[in-house]
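Secondary and tertiary structure notes
Take a look at the letters that make up each chain.
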Amino acid sequence: YDSTCPQVEKIVKAGVANAAQSDSRLPASLLRLHFHEVSRLLGVVLLDDTPTFQGENTARPNNNSIRGFKAIDAIKSSLESSCKGVVSCADILALAARDSVVLSGGPSWEVPLGRRGSITASFSG
């Protein structure tokens, strides 16, 4: 994103900080949201239900269990205003998890970027 969306990390960091101001538990929730995503790294956990599949966020094990979707949506909206169609939801989740840990007093780490987001999900997959 160096040339296509150079402010990506700044925008995500600001979005995480803004969300945490209204809910001090949100950084932990964003880390957990990324944990649910980590096996695929495609942004699948963020997909909403459609007539052809059920998204992970409403699947029985996750229903009313994982949260932070509104914060990720707000960050995605900010990114879309700055660099439309560039940053994947998978990368947003990874950055938000890191920034949540840092905001909570934990360590930082380099997040490799460039994941592509998925547009569908499959329970059998």
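Per-chain numbering applies: the sequence of each chain, read as written, is numbered from 1 onward. Side-chain atom pairs in this predicted model are given and counted only at pLDDT of 80 or more, local residue features only at pLDDT of at least 70, and totals for whole chains, interfaces and linings cover all residues. Side-chain numbers come from the whole structure's heavy atoms, not from hydrogens or water.

A look at the UniProt feature "site: Transition state stabilizer" (unreviewed entry) in the chain
UniProt positions are given in the numbering used here, feature names are shortened, and annotations may be inferred rather than shown by experiment. The positions that UniProt labels "site: Transition state stabilizer" (unreviewed entry) are, in the present scheme, Arg32. Helix and strand assignments come from DSSP, with helices taken as H or I runs of at least 4 residues and strands as E runs of at least 2, each series counted from the N terminus. Relative to the elements of secondary structure, arginine 32 occurs in helix H2 (residues 26-37).

Some words on the nonpolar core
As a rule of thumb, soluble globular proteins bury nonpolar side chains together. Counting residues in hydrophobic clusters, the biggest one holds 23 residues, and the most contacted among them are Val8, Val12, Leu30, Leu33, Ile72, Leu79 and Val87. Of all the secondary-structure elements, those providing two or more residues to this core are helix H1 (8-22), H2, helix H3 (69-82) and helix H4 (89-103). Any two residues having at least one pair of non-hydrogen atoms within 4.5 Å are treated as being in contact. With residues up to four places along the chain from it excluded, the contact list for leucine 79 reads Cys5, Val8, Ile11, Val12, Lys84, Val87 and Ile92. Among buried residues, those of type Ala, Val, Leu, Ile, Met, Phe, Trp, Tyr and Cys that are joined through side-chain atoms within 4.5 Å constitute a nonpolar core. The buried label applies to any residue whose accessible area, calculated with a 1.4 Å probe on protein chains only, is under 20% of its type's maximum; exposed applies above 50%, and partly exposed to all values in between.

Brief notes about the packing of H3 against H4
Axes, fitted as lines to C-alpha atoms, cover a helix only where it is in contact. Angles between the N-to-C directions of the axes lie from 0 to 180 degrees. It is the contact of H3 with H4, at a shortest axis distance of 11 Å, that shows an interaxial angle of 115°. Both H3 and H4 take part in a crossing whose hand is right-handed. Contacts from Ile72, Ile75, Lys76 and Leu79 in H3 reach Cys89, Ile92, Leu93 and Ala96 in H4. For the contact of H3 with H4, a count of residues per class yields seven nonpolar, no polar and one charged. It is the rotation of the near helix from the far one that decides the hand of a crossing: anticlockwise by less than a right angle makes it left-handed, clockwise makes it right-handed. Polar here means any residue other than Ala, Val, Leu, Ile, Met, Phe, Trp, Tyr, Cys and Pro, which are nonpolar, and Asp, Glu, Lys and Arg, which are charged; Gly is therefore polar.

A closer look at the pattern of salt bridges
It is possible for side chains of opposite charge to pair when their charged atoms get near one another. Here a salt bridge means any side-chain nitrogen of Lys or Arg lying within 4 Å of a carboxyl oxygen belonging to Asp or Glu. Inspection of every chain in the model, using the stated rule, returns five salt bridges. The salt bridge partner of arginine 98 is glutamate 9, with a shortest N-O separation of 2.8 Å. With arginine 98 in helix H4 and glutamate 9 in helix H1, the pair connects residues that are 89 residues apart, well separated along the chain. Classification of arginine 98 as buried rests on a relative accessible area of 7%. When its relative accessible area of 31% is taken as the criterion, glutamate 9 is described as partly exposed. Residue lysine 76 pairs with glutamate 80 through a salt bridge whose shortest N-O separation is 3.2 Å. With lysine 76 and glutamate 80 both in helix H3, this residue pair falls four residues apart, about one helical turn.

Structural notes on the confidence of the model for the chain
Averaged over every residue, the pLDDT of the chain is 81; the share at 70 or more is 69%. pLDDT expresses how confident the predictor is about each individual residue, on a scale running from 0 to 100. Per-element averaging of pLDDT across the chain places H2 at the bottom with 84 and H1 at the top with 96.

Focus on the state of the cysteines
Any two cysteine sulfur atoms lying within 2.5 Å of each other are counted as a disulfide. Applying the stated criterion across every chain yields a total of one disulfide. The partner cysteine of cysteine 5 in its disulfide is cysteine 83, sulfur to sulfur 1.8 Å. Of the two residues, cysteine 5 is situated in the segment before H1 and cysteine 83 in the loop between H3 and H4; the sequence distance between them amounts to 78 residues. Accessibility classification places cysteine 5 together with cysteine 83 in one group, the buried group.

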